[in-house]
Amino acid sequence: MITAEQLPAWVGVPVIIFLLLGSLLTFIGALGLFRLPHFYQRIHGPAVMVTLGVGCVLIASIFLFSYWQSRPVIHEWLITLFIFMTAPISAMLIMRSAKYRRKK
Amino acid sequence: MLIALEYTLAFALGMGALSMLLCGARLLIGPSTQDRILALDALWVCTLMLVLLVGIRLGNELYFELAMLIALLGFVSTMALAKFLMRGEIIE
């Protein structure tokens with residue numbers, strides 16, 4: 001469970017807003033992946049999930065843990081950097097393989 | 001404020017589970033192979049978000065290293081699957 005003392009409002013409100021935003025955007029991305037009719041439209045869903053959804057959750061956790069430990073936390077910045085570097089590469093690779101398969 | 005954070009975390013965990021369910025459905029019914037690889041990539045992303053939320057909920061910093069590991073494994077597996085789809089073999 002959460003073991004901190006009382007959380008002040010100037011930390012709690014942005015954390016809650018970013019958590020809600022991130023979870024809703026992840027759900028919207030998954031819904032797009034499930035419902036869109038064509039593959040080249042469906043590939044936009046995971047992009048929204050990676051950049052906006054996980055990005056908002058990471059911002060919330062950076063804020064909360066930097067407040068709890070009263071020092072800037074580095075781990076989450078590493079995760080953010082890695083995800084934002086690798087998500088376009090994997091999307092581009094899947095896209096290229098799909099295009100290659102269709103051409104063949 | 002802590003109670004509101006609890007409820008928000010429960011809601012976000014539910015949303016993550018729901019999106020995992022949708023990605024799993026796409027993984028099962030996907031008409032082509034690249035759809036399934038895309039759904040698997042999205043499942044890695046959902047798992048990453050769930051691990052981050054559990055780390056916030058338990059207040060433990062160890063979960064973020066786990067999330068880093070999950071991101072690494074997801075990227076490598078997606079890359080290997082896409083390369084297998086394109087070339088027919090992984091290590092040439």
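Please refer to the structure placed before this passage.
Nothing here was measured: the structure is a model prediction, and the numbers come from that model.

Engineer: Please explain the overall build of chain A as it appears in this structure.
Structural biologist: Tallying secondary structure elements over chain A gives four helices and zero strands in all. Tracing chain A from N to C terminus, the helices and strands come up as α-α-α-α. By the compact-globule yardstick of 13 Å for 104 residues, chain A is too spread out, its C-alpha radius of gyration being 17 Å. Its C-alpha atoms give chain A principal-axis dimensions of about 60 × 25 × 20 Å. Expressed as a percentage of the 104 residues in chain A, the buried residues total 37%. If you take every contact in chain A between residues at least 6 apart in sequence, the share linking residues at least 24 apart comes to 57%.

Engineer: It is not clear to me how the interface of chain A and chain B should be interpreted in this structure. Could you clarify?
Structural biologist: By a frequent convention, interface size equals the accessible area lost on bringing the separate parts together. Listed by partner, the interface residues are 48 residues for chain A and 46 residues for chain B. Elements with a minimum of two residues in the side of chain A that touches chain B: α1 (9–35), α2 (39–42), α3 (44–68) and α4 (75–103) of chain A. Counting residues per element, the side of chain A that touches chain B draws most heavily on α4(A), which supplies 15 residues. Taken together, the residues of the side of chain A that touches chain B break down into 32 nonpolar, 12 polar and four charged.

Engineer: It is not clear to me how α3(A) should be interpreted in this structure. Could you clarify?
Structural biologist: For an α-helix, 3.6 residues make a turn, and residues three or four places apart therefore share a direction. Residues and elements named next belong to chain A. The end-to-end C-alpha distance of α3 is 36 Å, a good match for the 36 Å that 25 residues give at a rise of 1.5 Å each. The sharpest bend along α3 reaches about 25° and sits at Gly55. Just past α3, the residue Ser70 takes up positive phi, approximately 50°.

Engineer: Quick question: what am I supposed to make of the packing of α3(A) against helix α2 (residues 33–58) of chain B here?
Structural biologist: Helix-helix packing is characterised by the crossing angle of the two axes and by the distance between the axes. Running from N to C, α3(A) and α2(B) point in directions that differ by 10°, and their axes come no closer than 10 Å. Taken together, the axes of α3(A) and α2(B) lie roughly parallel to each other. In the packing of α3(A) onto α2(B), the handedness of the crossing is left-handed. The segment α3(A) lies against α2(B), with A:Gly45, A:Pro46, A:Met49, A:Val50, A:Gly53, A:Val54, A:Val57, A:Leu58, A:Ser61 and A:Leu64 engaging B:Leu38, B:Asp41, B:Ala42, B:Val45, B:Leu48, B:Met49, B:Leu52, B:Leu53, B:Gly55 and B:Ile56. Of the residues contributing to the contact of α3(A) with α2(B), the split by class is 15 nonpolar, four polar and one charged.

What counts, and where the lines are drawn
Residues numbered from 1 in each chain as written. Chains lettered and ligands numbered in written order. Predicted model: local features only at pLDDT ≥ 70, side-chain atom pairs only at ≥ 80, totals over all residues. Helix = DSSP H or I, 4+ residues; strand = E, 2+ residues; numbered from the N terminus. Rg over C-alpha atoms; globule rule 2.2 N^0.38 Å. Buried ≥ 20, exposed ≤ 12 C-beta atoms within 10 Å, placed from the backbone. Contact = placed C-beta atoms within 7 Å. Nonpolar A, V, L, I, M, F, W, Y, C, P; charged D, E, K, R; others polar. Expected span 1.5 Å × (residues − 1). Bend = angle between axes of the 7 residues up to and from the residue. Axes fitted to C-alpha atoms, helices over the stretch in contact; angles between N-to-C directions. Parallel < 35°, antiparallel > 145°, perpendicular 65-115°, else oblique. Left-handed = near helix turned anticlockwise from the far one by under 90°.

Such coordinate-based values are descriptive only and should not be taken to indicate function.
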